[in-house]
Amino acid sequence: MVTETIPKIFGHLELPALPYAYDALEPVISKEIMELHHKKHHQGYVTNFNAASEKSLEAVSRGDIPDVIARQPALRFNGGGHINHAIFWTNLAPKDEGGGRESKGPLAQALNQLFGSIEKFKEKFNAMAGAIQGSGWGWLGYDKAMNRLVLTTCANQDPLSTQGYIPLLGIDVWEHAYYLQYKNVRPDYLKKIWEVVNWQNIEERYAAALK
């Protein structure tokens with residue numbers, strides 16, 4: 001089977017290294033959770049995406065369009081899982097590296113104007129993310145077409161781009177993100193995670209989205 005002449009539709013993904021140690025977010029997120037989340041769950045999305053990507057290329061080389069189409073759910077789920085987690089890791093930071101330290105930049109000003117205060121924004125975000133049925137993500141995004149911030153949720157591992165928004169902050173509310181530490185009390189996890197949210201990273205993403 002010759003595949004060299006076929007355009008590389010999907011890139012080969014690799015698991016990105018965390019920008020901090022596995023225990024750096026303690027006590028908010030335990031070392032055990034971080035290791036399982038990164039080494040097992042995120043790695044699983046990368047591995048499964050690459051396998052589905054390869055199978056898709058093989059199907060293209062055969063001209064097997066039904067098989068190409070059949071691979072799309074695996075590509076969406078695992079590719080989205082990789083995209084979401086790659087953002088999530090950078091959206092967090094140890095407390096001694098600025099985690100939880102709210103920015104005073106343009107994003108903070110926009111949030112204050114839209115929600116009344118950063119605290120009210122957090123409350124609205126937590127209520128939204130806490131109400132997700134099953135697994136998914138809570139997002140703060142930017143709607144470039146309408147020039148506005150948006151709060152929304154995505155089911156499972158759908159990336160925010162499927163709604164046409166630019167991701168700024170994503171909080172994982174799959175049980176694997178918190179269950180070992182917070183059990184079934186998702187609201188406690190959502191309340192505590194703000195202590196390690198990397199506001200500088202979110203401000204940088206907002207600045208880039210405005211360009």
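What follows is about the pairing of strand 2 (residues 148–155). Of the strand pairs in this sheet, strand 1 (residues 136–143) and strand 2 are connected by eight bridges, and their pairing is antiparallel. In the strand pairing of strand 2, Trp-137 is matched with Cys-154. The turn joining strand 1 and strand 2, which pair antiparallel and follow one another in sequence, is formed by four residues; a positive phi near 55° is taken by Asn-147.

A sheet is described by the order of its strands in space; here three strands give the open sequence 2-1-3, paired in antiparallel fashion. Since the sheet does not close on itself, it has two edges, and those belong to strand 2 and strand 3 (166–172), each with one partner. The average angle at which neighbouring strand axes cross in this sheet is 20°, direction not considered. Strand contacts of helix 8 (residues 199–210): strand 1, strand 2 and strand 3, with the helix running at about 150° to strand 3, the strand carrying the most contacts.

Here the focus is helix 3 (residues 72–90). End to end, helix 3 covers 27 Å across 19 residues, agreeing with the expected 27 Å (1.5 Å per residue, within 8%). Taken as a whole, helix 3 has its buried residues at Leu-75, Asn-78, Gly-79, Gly-80, Gly-81, His-82, Asn-84, His-85, Ile-87, Phe-88 and Trp-89. Where helix 3 is buried, its residues contact helix 1 (31–62), strand 1, strand 3, helix 7 (186–193) and helix 8.

A few words now on the nonpolar core. Judged by nonpolar contacts, the single largest core of 50 residues is most densely connected at Leu-140 and Tyr-189. One finds Val-46, Phe-49, Ala-52 and Leu-75 within the second-largest nonpolar core, a separate group that totals five residues.

Inspection of the entire model under this criterion finds ten salt bridges. Its salt-bridge partner being Asp-64, residue Arg-62 comes within 3.5 Å of it at the nearest N-O pair. For Asp-64, a relative accessible area of 26% corresponds to the partly exposed category. Across the pair Asp-143 and Arg-148 runs a salt bridge, and its minimum N-O distance is 3.3 Å.

Counting across every chain of the model gives 14 aromatic pairs. When the ring of Phe-88 is compared with that of Trp-137, the centres are 5.5 Å apart and the planes differ by 90°; the resulting orientation is edge-to-face. You can see Phe-88 sitting in helix 3 and its partner Trp-137 sitting in strand 1, a full 49 residues away along the chain. For the pair shown, Phe-88 and Trp-137 are each scored as buried. Judged by centre distance (6.3 Å) and plane angle (70°), the rings of Phe-121 and Trp-199 are edge-to-face. Placement of the pair is Phe-121 in helix 5 (residues 118–130) and Trp-199 in helix 8, with a sequence separation of 78 residues. There is no split in this pair, since Phe-121 and Trp-199 are both buried. Here the aromatic cluster, defined as three or more aromatic residues joined through ring pairs, consists of Phe-115, Phe-121, Phe-125, Trp-194 and Trp-199.

Our focus in this paragraph is the confidence of the model for the chain. Mean pLDDT over the chain works out to 93, with 95% of the residues at or above the 70 mark. Throughout residues 1–7 the model reports pLDDT below 50, and contacts reaching past four residues in sequence, or to other chains, amount to nine contacts.

Criteria and thresholds
- Residues numbered from 1 in each chain as written.
- Predicted model: local features only at pLDDT ≥ 70, side-chain atom pairs only at ≥ 80, totals over all residues.
- Heavy atoms only, no water.
- Pairing = 2+ DSSP bridges.
- Helix = DSSP H or I, 4+ residues; strand = E, 2+ residues; numbered from the N terminus.
- Axes fitted to C-alpha atoms, helices over the stretch in contact; angles between N-to-C directions.
- Contact = heavy atoms within 4.5 Å.
- Expected span 1.5 Å × (residues − 1).
- Buried < 20%, exposed > 50% of the residue type's maximum accessible area, 1.4 Å probe, protein only.
- Core = buried A, V, L, I, M, F, W, Y, C linked by side-chain atoms within 4.5 Å.
- Salt bridge = Lys/Arg side-chain N within 4 Å of Asp/Glu carboxyl O.
- Phe/Tyr/Trp six-rings, centres within 6.5 Å; stacked < 30°, edge-to-face > 60°.
- pLDDT = per-residue confidence, 0-100.

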